[in-house]
Amino acid sequence: MTIQQAIQHAITQLRTISPTARLDAELLLAHILGWSRAKVVAERDHVLTPEQEMAFNALIERRANREPVAYLIGHREFFGLDLFVDRRVLIPRPETELLVELTLKEAQRFNHTPLIIADIGTGSGAIAIALAMHLPHALIYGVDISPDALAVAAINVTRYRLDDRIRLLEGDLCTPLPAPVDILVSNPPYTILTEIDEGVYRHEPHLALDGGSDGLDCYRRLIAAAPTYLKPNGAILLEIGSTQAASVVHLLRQALPMAETGIERDLAGHDRIVWARNRYVIH
Ligand SMILES: C[S@@+](CC[C@H](N)C(=O)[O-])C[C@H]1O[C@@H](n2cnc3c(N)ncnc32)[C@H](O)[C@@H]1O
């Protein structure tokens, strides 16, 4: 069987479960062959060995069962980084790149060293690592309640040689932080489990997704803790579900009444990030 035939066959099997059936098939075949996706696309007449065909079919079967491509190939691109992922962590989403971008902008306000940032619910370490790569003067705490997730984050932190600037801490939200920080950033669990996509529900960790009956459980506790864990001129940036902006801004205004607050939209035009910037100044 040629690459072209194998891809065509896979598309037929994946069409009903994936809007990106061709891309999925190309990525899975690239993984099997140890090639780039570009090479797979270019060498359509290359003939697969029976072993390669079998391995490819096995992956297509798992993908047809809605297993995410990133788990099947063991990595995912995020903010220009190549991150190791497996079932222990949420797969980093493109929307979360906006949270990184806005946090990098916010970081420009600070000119002391080290700039201290906490990524609450770090998962694969995606946000913490992206920030550390662009902020050489920052010390970043990556907190997660899941030891399994922290084991994945540790692999990625080491892969990018950031062990000296990212400290991974196990515990509930801000409680493991040793002192208040300049910037709190978080993409907490914010979905209502009964409302999510079947593939996500079946394969990604519920601890990373479950925001309680209205999706806001983590925001309530995290924002209530912000006055304690944020420095007087610090900022908090949070990823949200597209319908949650007003509720989360309300929580921020209650907890940080002097703070400036704002809502930012993603490329699809959905509310995606809310932020608050403390305006207290110590004299
Ligand atoms: C939506 S995922 C975000 C993962 C990663 N930051 C990203 O953006 O791809 C939420 C993460 O929060 C962690 N988490 C859930 N409840 C937590 C809690 N109470 N304290 C700390 N981390 C928590 C989960 O284990 C999961 O890794």
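Residues numbered from 1 in each chain as written. Predicted model: local features only at pLDDT ≥ 70, side-chain atom pairs only at ≥ 80, totals over all residues. Heavy atoms only, no water.

## Some remarks on the UniProt feature "binding site: S-adenosyl-L-methionine" in the chain
Rules: UniProt positions are given in the numbering used here, feature names are shortened, and annotations may be inferred rather than shown by experiment. Comment: elements are numbered from the N terminus, with helices defined as DSSP H or I runs of at least four residues and strands as E runs of at least two. Accessibility here uses a 1.4 Å probe with only protein chains present; expressed as a share of the type maximum, an area under 20% marks a residue as buried, one over 50% as exposed, and anything in between as partly exposed. Whether two residues are in contact is decided by their heavy atoms: any pair within 4.5 Å suffices.
Mapped onto the present numbering, the UniProt feature "binding site: S-adenosyl-L-methionine" falls at G121, T122, G123, S124, G125, D144 and N187. With the annotated positions falling across 67 residues, the maximum pairwise C-alpha distance of 11.8 Å places them together in a single cluster. Its location among the elements puts T122 in the loop between β3 (115–120) and α7 (126–134). Under the relative-accessibility criterion, T122 is labelled buried at 5%. With sequence-adjacent residues up to four places away left out, T122 is seen in contact with A128, G142, V143, D144, L150, A153 and L168.

## Some remarks on helix α11 (residues 245–255)
To keep things clear, this is the line we draw: Throughout, the arc means that of the directions going from the helix axis to the C-beta atoms.
Buried within α11 are the following residues: A245, V248, V249, L251 and L252. Mapping the buried residues of α11 onto a view down its axis gives an arc of 155°, with all of them on the same face. For α11, the exposed residues set more than 90 degrees away from the buried face come down to A246, R253 and Q254. Looking at the packing, one finds that the buried side of α11 touches α10 (217–229), β7 (230–239), β8 (260–265) and β9 (271–277).

## A short note on the domain arrangement of the chain
Where interface size is given, it is often the accessible area lost as the parts come together that is meant. Put simply, the test is: Start and end points for every domain follow an automatic or database-based domain assignment.
Under the domain assignment, the chain is made up of domain 1 (3–65) and domain 2 (89–277). The gap between the C-alpha centroids of domain 1 and domain 2 is 35 Å.

## Points about the site of the ligand
Rules: Whether a residue is near a molecule or strand depends on its heavy atoms: it is near if one of them lies within 4 Å of it. The definition of a polar contact used here is a pair of N or O atoms within 3.5 Å, where within protein one atom must be able to donate a hydrogen and the other to accept one, and adjacent residues in sequence count solely through side-chain atom pairs. A 1.4 Å probe and the Shrake-Rupley method give the accessible areas. Residues count as covered only by the protein chains that appear here. Here the nonpolar group is Ala, Val, Leu, Ile, Met, Phe, Trp, Tyr, Cys and Pro; Asp, Glu, Lys and Arg are the charged ones; every other residue, Gly included, is treated as polar.
The environment of the ligand is formed by 19 residues, the closest being G121, D144, D172, L173 and N187. Contact distances for the ligand include 2.7 Å between an oxygen atom and a side-chain N or O atom of D144. With respect to the ligand, the side chain of N187 contributes an N or O atom lying 2.9 Å from an oxygen atom. When the ligand is considered free in solution it has 590 Å² of accessible area, and contact with the protein chains removes 95% of it. Here the residues of the shell around the ligand sort into nine nonpolar, seven polar and three charged.

## As for the UniProt feature "binding site: substrate" in the chain
The positions UniProt marks with the feature "binding site: substrate" are N187, P188, P189 and Y190. Taking relative accessible area as the criterion, P188 reaches 4% and is therefore assigned buried. Apart from the residues lying within four places of it in its own chain, the contact partners of P188 are C218, Y219 and E239. Position of Y190 among the secondary structure elements: in the loop between β6 (181–186) and α9 (198–203). Excluding its chain neighbours within four sequence positions, the residues that come into contact with Y190 are L209, G211, G215, Y219, E239, I240, G241, Q244 and R272.

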